[in-house]
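Chain by chain, the residues:
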Amino acid sequence: NLQKMTYFSAPDNNLTGAIPEEFYGLQSLRTIHLDGNHLSGTLSTKIGRLSTLEYFTISDNMIHGSIPTEIGDCSFLRHLWIKKNDIT
């Protein structure tokens, strides 16, 4: 059952496109590691649904736009790595 997944790691896998909206429904996730892909688009405001998220790494992609204020709802977030994107 994906709803119980706590760790998702897929760095350097040539993933393309936006982070799927369904991803933000996996509310047990504590770690998301997507560095070094070719992800694009913006960060969804739905990121705030990931209330147990502790580590979020999307460095070295093509994400653009701003960091949604809803990320503040991720009250356990300790590490946010977003370098080498076009995030303001």
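Look up a bit, the structure's there.
Residues numbered from 1 in each chain as written. Predicted model: local features only at pLDDT ≥ 70, side-chain atom pairs only at ≥ 80, totals over all residues. Heavy atoms only, no water.

Things to note about the pairing of strand β4 (residues 38–41)
On any regular strand, side chains alternate: one points to one face of the sheet, the next to the other face. Alternating residues of β4 divide into L39 and G41, all buried, and H38 and S40, none buried. Summarising the sheet, strand β2 (residues 16–17) and β4 pair through two bridges and their orientation is parallel. Looking at β4, one finds that T16 is bridged to H38. As defined by bridge partners, β4 adjoins strand β6 (residues 62–65) across two bridges and the pair is classed as parallel. In the sheet register, S40 faces β6, and the bridge partner there is M62. (Buried < 20%, exposed > 50% of the residue type's maximum accessible area, 1.4 Å probe, protein only. Helix = DSSP H or I, 4+ residues; strand = E, 2+ residues; numbered from the N terminus. Pairing = 2+ DSSP bridges.)

A closer look at unusual backbone geometry
Residues other than glycine seldom take positive phi values, yet N14 does so here, at roughly 55°. Residue K84 is not a glycine yet carries a positive backbone phi of 60°. Take K84: it is sitting in the loop between β7 (79–81) and β8 (86–87). Classification of K84 as exposed rests on a relative accessible area of 61%.

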